[in-house]
Amino acid sequence: MNALRLTLITSSILISNFAFAKPVTVKDWSLDDTSSVCVASTSRNVGGQTYRFELRFEKSGNSPVEAYIRDASGLATAFRFTTEVKPIQSFAFIPLQNADGSLSFWQVPTDTNALVAYIKRQTRLLVQALAPNQSAKAIDFSLRGSSDIVDALATQCAGKALVAVDFEKSFVPAMTATMDPLKFNADQTAQLRSLYQESFNTNTLRASYQRQLTALNSQYAKQIQELGQVTGSLDQLTTKELVTLRSQKSALEMKIQSLDQQIITQQSLINSKEAEVVQANAVYDDAWKVLAPYEAEHQRLSTLAQNSKTDFSKYQGQLSNIDQSIQSKQSELNSAQDQVANLDRRLSQLDSEIQTARQYANATDSIYRGFDYNRERHDRIQWHPITEYCRRGGSEYCNSLMNKVSSYAENETYNIQNRLGQNVSVTRTQLDSKLQSYTSIANQINDYQSNVIPRLQNQISDLRSQRPSVEAAVSRTRDEVTNRTAALQSYDQSVGYAAKKADVNAKAAIVVSRQNELKTLEQTQAGYQATKSQSVAGLSATDKKIQDVLAKIQATQGRESELNKALAPYFAEKTRIEAAVLESTNLINQNRSEFAAIIGIK
């Protein structure tokens, strides 16, 4: 770790006599630029004593910008600056010994970026000079010209950001801003500054290492990516695919072994069941031999009885159909007769309506024929108020007015004649409609009376004439059913057919039961054999997959070996850089702990 400790610039350098070149002054601020350092500063004389506020930046980049207060009086032991605008922040300046034994005051890096921004944007910097058991003394530094000078410090000297914001926040404890600056001596300040600068430079070096690591990774990116893919593929093949396939193979082998045992056991059950089927068939044959001599006669008598039952059912159905048809036709006949009665009533009603409609038609026709167009027009002109007005003397406009009266009378007379003609047309149409309705109803009545009703009456008569013969057939077949059923029952009782038939059926049921049991066993056996065939095929396919995976593993391992050999320089350099990064990190962490311990923050 000590190998990373960098040569630090001691506090005595801070107050050396600099040979500033080309000093720049803007209002109350100036910038002194030498080959190694830039100092932006302003001075304030209070009570005959000069105080100087500085922002110092070393061009070497060994530290970020630092803030100092120089006190020529030698009376203060610390300084504190508190902002006058929100957010309210405090900045502590603690003593740092110069080479000549005098003190300067170093700002402990806490939110330095905010301090620089405050200096650029505000008009004054009100600093409190502190001493034990004494009242604070206010030093009012002017900030006129500070913005331009600080910008010049950043562009002309730093060429980059003045403050290492991220590093400062990560290294300096957050509670540092609230510490009491009077509790620190010059040795502690020198140690704090040394720790801070060493860690800053170590952090810069660590960033350099990290950039080297990034460049190294970029240089070997293609091989690294391929190695990752190869390693992942090899892991997939060895820990997943091969393990899965071998597990599947083991399961299939166990399954086939189990199926072989099940097939042997099942075949033994099939053999036993086949013997039971043979025995049941023999018992059935014996029972059938007892029934067989009587079966033919039983079947003959049974067929005769069944035929009679079929004929009886057929004739019963015919008789029922005839009765239903008679009932249906009678209902249609009653409906037709009711319809004729309704139509007769409607015909009588139409007679009265036709007489009335004919009277209306004759009346409107007479009025239309008696209308005198010219007389009506003449009367309307003569009785118009304007005609009377003009007849009595009128005025010079009477000719024009009379033309309008004549036109009005012409239109009104035409409209009257037109309405009378329309009335004739309407009443004549109504009369024609009722006459057409009368003719239609009369034709319907004639159709019912001449065709529909006689046809239904004839159909009912025909159905009634068919009924006696069908009734006779029903009676005859009923007797046949009774007689033939009695003959069958008599024969069956005489030979004991029912008991013999029941015995045969029982023996047949046993045969069927044993055959079904045998079929079930054979189906189960077929299922075992089919499953075994599938498992054997699956085992063969799994063996092939395993061989394929093993071949892939061998090829992948070969490529992995080639890549590892090619990347050996990469891994060696990566290990070296990562060790350096870790060593830098450890040093920064150690310094941070020491820094916090000096400040008094656990």
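For the structure, see preceding data.
Criteria and cut-off values
- Residues numbered from 1 in each chain as written.
- Predicted model: local features only at pLDDT ≥ 70, side-chain atom pairs only at ≥ 80, totals over all residues.
- Heavy atoms only, no water.
- Buried < 20%, exposed > 50% of the residue type's maximum accessible area, 1.4 Å probe, protein only.
- Helix = DSSP H or I, 4+ residues; strand = E, 2+ residues; numbered from the N terminus.
- Pairing = 2+ DSSP bridges.
- Core = buried A, V, L, I, M, F, W, Y, C linked by side-chain atoms within 4.5 Å.
- Contact = heavy atoms within 4.5 Å.
- Salt bridge = Lys/Arg side-chain N within 4 Å of Asp/Glu carboxyl O.
- Phe/Tyr/Trp six-rings, centres within 6.5 Å; stacked < 30°, edge-to-face > 60°.
- Disulfide = S-S within 2.5 Å.
- Polar contact = N/O pair within 3.5 Å; in protein donor to acceptor, adjacent residues only side chain to side chain.

**Student:** With reference to specific residues and values, describe the pairing of strand S4 (residues 49–58).
**Tutor:** Of all the 10 residues making up S4, seven are buried; the element is thus mostly covered by neighbouring parts of the structure. Where strand S3 (residues 37–46) lies against S4, 10 bridges are found, and the strand directions are antiparallel. Across the sheet, serine 43 pairs through a bridge with arginine 52, a residue of S4. Two elements, S4 and strand S5 (residues 66–71), share six bridges in a ladder whose sense is antiparallel. Of the residues in S5, the one forming a bridge with arginine 56 is glutamate 66.

**Student:** Residue-level account of the nonpolar core, with values.
**Tutor:** Ranked by size, the top nonpolar core spans 36 residues in total, and within it Phe53, Leu55, Phe79, Phe93, Ile119, Leu125 and Leu153 carry the most contacts. The biggest single contributor to this core is helix H2 (residues 146–158), with six residues. Every residue in contact with phenylalanine 53, bar those within four places of it in the chain, is listed here: Trp29, Ala40, Ser41, Thr42, Ala67, Tyr68, Ile69, Phe93, Ile119, Leu125 and Phe141. Membership of the second largest hydrophobic core comes to 22 residues, among which are Phe312, Ile326, Ile445 and Val470.

**Student:** Quick rundown of the pattern of salt bridges? Include the residues and the values.
**Tutor:** This model, assessed by the stated rule, comprises 31 salt bridges. Between lysine 507 and aspartate 503 there is a salt bridge, and its shortest N-O distance comes to 2.5 Å. In this pair, lysine 507 and aspartate 503 are both assigned in helix H9 (residues 497–566), four residues apart and thus about one turn of the helix distant. Judged by relative accessible area, which is 21%, lysine 507 ranks as partly exposed. Accessibility expressed as a relative area gives 31% for aspartate 503, which makes it partly exposed. Shared partners join several salt bridges into a network, and the residues in it are Lys273, Glu276, Arg514 and Glu517.

**Student:** Which residues make up the packing of aromatic side chains, and what values do they have?
**Tutor:** According to the stated counting rule, one finds 14 aromatic pairs in the structure shown. Between phenylalanine 167 and phenylalanine 200, the ring centres sit 5.8 Å apart and the planes meet at 70°, which makes this aromatic pair edge-to-face. Here the residue phenylalanine 167 occupies a position in helix H3 (residues 165–171), and phenylalanine 200 occupies one in helix H4 (residues 186–219), the gap between them amounting to 33 residues. For phenylalanine 200, a relative accessible area of 9% corresponds to the buried category.

**Student:** Could you give an account of the state of the cysteines, naming the residues involved and the relevant values?
**Tutor:** What the rule picks out here adds up to two disulfides. In this model, cysteine 38 is linked to cysteine 157 through a disulfide, with the two sulfur atoms separated by 1.7 Å. With the S-S bond torsion at -80°, the cross-link from cysteine 38 to cysteine 157 turns out left-handed. You can see cysteine 38 sitting in strand S3 and its partner cysteine 157 sitting in helix H2, a full 119 residues away along the chain. By relative accessible area, which is 9% here, cysteine 157 ends up buried.

**Student:** Describe the pairing of strand S9 (residues 124–130), listing the residues and the values that go with them.
**Tutor:** Where strand S6 (residues 78–82) and S9 come together, four bridges link them in antiparallel fashion. The residue bridging alanine 78 from the neighbouring strand is leucine 130, located in S9. Taken together, the six bridges between S9 and strand S10 (residues 137–142) define a ladder with antiparallel strand orientation. Along S10, the bridge assignment pairs arginine 124 with serine 142. Linkage of S9 to S10, two consecutive antiparallel strands, is achieved through a turn of six residues, within which asparagine 133 is found at a positive phi near 60°.

**Student:** Provide a residue-level description of the side chain of serine 199, including the pertinent values.
**Tutor:** Inspection of the secondary structure puts serine 199 in helix H4. Its relative accessible area of 0% is what places serine 199 among the buried residues. Engagement of the side chain of serine 199 in a polar contact is seen with the side chain of asparagine 591, the distance being 3.0 Å. Ignoring any residue separated from it by four or fewer positions in sequence, one finds serine 199 in contact with Phe167, Phe171, Ile588 and Asn591.

**Student:** With reference to specific residues and values, describe unusual backbone geometry.
**Tutor:** As a rule of thumb, non-glycine residues mostly have phi less than zero, and peptide bonds are mostly trans rather than cis. A cis amide bond, omega 0°, links lysine 86 with the succeeding residue proline 87. Tracing the chain through its elements places proline 87 in the loop between S6 and strand S7 (90–97). Within the chain, lysine 27 stands out as a residue other than glycine whose phi angle is a positive 60°. You can see lysine 27 is positioned in the loop between strand S1 (21–26) and strand S2 (29–33). The phi angle at asparagine 133 is positive, at roughly 60°, despite the residue not being glycine. Take asparagine 133: it is sitting in the loop between S9 and S10.

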